[in-house]
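Reading the structure
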Amino acid sequence: MAQNSASPAQKPGPLRTFLGSETARWLLFATVSVGAWEVWARWYNAPFLLPAPSRILGEFAKSPTLVLTNGWVTTQEILAGFVLGSLIALLAAMLLLVLPKLVEDFIFRAVITLNSIPFVALASLVVVWLGVNGIGSKVAIAALYAFFALVYHAHKAMASTDVLKEEVLTSYNSTFIQRLRFLKLPSALPIIFTSLKGAAMAAVNGAIVGELFGAFQGLGFMILDSRYVGNTARVFLAAVFCTFVGWLLLGVLAVLERRFVGWHLEMTRQA
Amino acid sequence: MSNASATHPNPERSSQPLVSVRDVSMVFNTGGAQTIALQNASLEVAAGEFISLIGPSGCGKTTLLRLLADLIQPTSGSIRIGGKTPEEARKSRAYGYVFQAPVLYEWRTVLANVMLPLEVMNFPAAERKQRAEKMLALVGLEKFAKHYPWQLSGGMQQRVSIARALSFDPQLLFMDEPFGALDEITRENLNLELLRLWRETGKTVIFVTHSIPEAVFLSTRVVVMTPRPGKIETIIPADLPQPRNFETRETPRFFEVATAVRESLRKGHGFEVVE
Ligand SMILES: Nc1ncnc2c1ncn2[C@@H]1O[C@H](COP(=O)(O)OP(=O)(O)OP(=O)(O)O)[C@@H](O)[C@H]1O
Ligand SMILES: [Mg+2]
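Residues numbered from 1 in each chain as written. Chains lettered and ligands numbered in written order. Predicted model: local features only at pLDDT ≥ 70, side-chain atom pairs only at ≥ 80, totals over all residues. Heavy atoms only, no water.

1. Focus: the side chain of T161(A)
Residues and elements named next belong to chain A. Going by this rule: Going along the chain from the N terminus, every DSSP run of H or I of four or more residues is numbered as a helix, and every run of E of two or more is numbered as a strand. Contacts described as polar in this section are N or O atom pairs within 3.5 Å, which, within protein, must combine one atom able to donate a hydrogen with one able to accept it, while residues neighboring in sequence count only if both atoms come from side chains. In what follows, residue pairs with any heavy atoms lying within 4.5 Å of each other are defined as contacts.
Considering the arrangement of structural elements, one finds T161 in the loop between α7 (136-159) and α8 (163-171). A polar atom in the side chain of T161 sits 2.8 Å from the side chain of E166. Residues contacting T161, with those up to four places away along its chain left out, are E166, L183, K184 and S187.

2. Digging into the nonpolar core
Rules: The term nonpolar core refers to a set of buried residues drawn from Ala, Val, Leu, Ile, Met, Phe, Trp, Tyr and Cys, joined through side-chain atoms within 4.5 Å. When a residue's accessible area, from a 1.4 Å probe over protein chains only, is under 20% of the maximum for its type it is buried; when over 50% it is exposed; and in between it is partly exposed. Residue ranges for the domains originate in an automatic or database domain assignment.
Grouped together as the largest cluster of nonpolar side chains are 97 residues, with contacts concentrated most on V19(B), L53(B), L68(B), F174(B) and I206(B). Considering each element in turn, this core owes the most residues, 15 residues, to helix α9 (residues 176-213) of chain A. Per-domain counts for this core show at least three residues from each of domain 1 (13-94 + 171-267) and domain 2 (103-169) of chain B. Excluding residues that lie within four positions of it along the chain, F174(B) makes contacts with L65(B), L68(B), A69(B), I81(B), Y95(B), G96(B), Y97(B), V98(B) and I206(B). The next biggest cluster of nonpolar side chains, apart from the first, holds 47 residues, and it includes L152(B), I212(B), V222(B) and V224(B).

3. Overview of the packing of aromatic side chains
Aromatic ring pairs are described here by two measures, namely the spacing of the ring centres and the angle between the planes. Going by this rule: In summary, the pairing rule links any two rings of Phe, Tyr or Trp, Trp by its six-membered ring, whose centres are within 6.5 Å, and it sorts them by plane angle into stacked for under 30 degrees, edge-to-face for over 60 and tilted for everything else. Here, a charge over a ring means that NZ of Lys or CZ of Arg falls within 6 Å of the ring centre while also lying within 35 degrees of the ring normal.
Per the counting criterion, the structure on display carries 20 aromatic pairs over all chains. Ring centres of F119(A) and Y145(A) lie 4.5 Å apart, and the angle between their planes is 45°; on these two criteria the pair is classed as tilted. Here F119(A) is found in helix α6 (residues 119-130), whereas its partner Y145(A) is found in helix α7, with 26 residues between them in sequence. Aromatic side chains W263(A) and W107(B) sit 5.9 Å apart centroid to centroid with 50° between the ring planes, which places their arrangement in the tilted category. With W263(A) in helix α11 (residues 232-267) and W107(B) in the loop between β5 (95-98) and α3 (110-120), the pair connects residues from two separate chains. In terms of burial, W263(A) and W107(B) fall into one category: buried. Three or more aromatic residues joined by ring pairs make a cluster, and in this case those are W26(A), F29(A), F244(A) and W247(A). The side chain of R259(A) reaches across the aromatic face of F260(A), ending 4.7 Å from its centre. In this structure, R249(B) packs its charged tip against the face of F217(B), placed 3.9 Å from the ring centre.

4. Re the interface of chain B and chain A
Our working definition: As used here, buried area is the combined drop in accessible area, with a 1.4 Å probe, of two parts when they are placed together. Salt bridges are counted wherever a side-chain nitrogen of Lys or Arg sits within 4 Å of a carboxyl oxygen of Asp or Glu. Note on residue categories: nonpolar means Ala, Val, Leu, Ile, Met, Phe, Trp, Tyr, Cys or Pro, charged means Asp, Glu, Lys or Arg, and polar means any other residue, Gly included.
At the interface, 24 residues of chain B touch 21 residues of chain A. In total, chain B and chain A occlude about 2,300 Å² of area from one another, counting both sides; carbon and sulfur atoms represent 63% of this. For the pair chain B and chain A, the interface holds two salt bridges. The residue R66(B) makes a salt bridge to E167(A) at a minimum N-O spacing of 2.8 Å. Between the two partners, chain B and chain A, sit nine residue pairs in polar contact (both at pLDDT 80 or more). Counting residues per element, the ones that place at least two in the side of chain B that touches chain A are α2 (86-91) and α3 of chain B. For the side of chain B that touches chain A, the per-class residue count stands at 14 nonpolar, two polar and eight charged.

5. Structural notes on the coordination of the magnesium ion (ligand 2)
Six octahedral donors at a metal ideally form angles of 90 or 180 degrees, and four tetrahedral donors ideally form angles of 109.5 degrees. Residue and element names in this part refer to chain B. What counts here: Metal donors: N, O and S atoms at distances within 2.8 Å, or within 3.2 Å for Na, K and Ca, with water omitted from the atom set so that some sites may seem incomplete.
Those protein atoms acting as donors to the magnesium ion (ligand 2) are T62 (OG1) and Q100 (OE1), and they sit at 1.9 to 2.3 Å. Note that T62 is positioned in helix α1 (residues 61-68) and Q100 in the loop between β5 and α3, a separation of 38 residues in sequence. Given a relative accessible area of 25%, T62 falls into the partly exposed group. According to the relative accessible area criterion, Q100 is partly exposed, its value standing at 42%.

Listed below in structure tokens is the structure:
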């Protein structure tokens, strides 16, 4: 709860703290849902359609390196794509603030148009352009997904800062860079972090889609390959691994969010 | 601006006014309708003066300050601040502005908010902190340096914004109802603090208030304004002896000046002057 730091609330014991924590609730959720899945899958008894978690775990135990090596490739694509796409999106969002209105308008229309092309079509084109080999084309697709998830909201948030807060800086005769640094960026950060989480999920999707279209390694490739040979458990294994990578990324972002916009979480009573 | 360090400013003596407003009008166009926020306003303020603007809501007090601060530009007329245009004055960081609303940055602590102008103006880091702490102490908020603005009451937020405007020690101060949200005792205290600061530093203050006693107590002159269209009705000298203190409010002259201000205000409101 967001307690005013001046009036600390009664500290609960360590067990209660743990039970109320985010980790504990995730553990509870995982246990319940995985347990239900296990029971359901065993009762249904059609492993080709719905393998039980234990069977997926067995698949992992059979050849752990398979999912780990492919997973590592995809993780690299996701991370590189996410970082690249987000950075470019943030830079573009800032650049759009200084461009003449006409240019800004033009670019925005371009962004919206690109955004309405089905991503899958774009992704298959990128593979054609950048090639099947290596991770380049997959990084590009993940970056593209992340870029579009972030650029619009980041720009809007920085463009629509409070007029009165701008006037305060105007009265100090501030430069544009100072307005960006002291006002636009910090006031947009809460929205930027929310969009970054979306961008992370988009990068995961982008990397997998890229691999489905053209790759000889990675989780997307593993999913295709396993499906051809009819190994549904291995498809699930790849998907589960993917989920873990996504969670990891979200976790890192949540930590950064707490560090950089803790004030906002507290102010809006989300902390 | 003959002598900025004078402890007893004498407005009559300086030849060139610090602030000069000549025939300034401000018309706002909003959705077809026109609002004359200010009509043919003229005012000269000598260096070291303490001027209060008083008048009913909507008579153009904030508009006048925003014009002086170059946050808006007049429809007609001319403004000079120390011989410069408002834009040049703003660019040379000639004034500090206490806005009518506190307008603090909610991602900055109270201390960091007070340091904001100092960061923009590239003061050395050590000096920033030292100045900000001093200003917080002045407004009685040194214990709240690490709080965030949204953890403070409205009156406390307003005091932070006063500290912020004072932090870089501008010679000219625009204050828009700075003490409006304060309790009577805090207000009286800050009145005295402000007067002390004004006396010791020779600052020039243009101050908006809705309180007649406050205007008379603080000012060298009181500017009474009337609404629709916004006009300067009269300028009343508050020729009470300096330095002012608690006894000032008990003197017959204080009541005479206050009465003059009140009658002028009543005229603006369209009420009969009571004999
Ligand atoms: N940006 C604006 N656009 C349109 N009209 C405006 C604008 N700013 C002020 N006005 C109008 O100008 C008039 C004067 O406003 P101003 O804020 O100067 O009043 P004020 O004397 O400061 O009042 P108060 O005591 O309530 O603060 C009002 O009628 C207001 O509606
Ligand atoms: Mg006002």
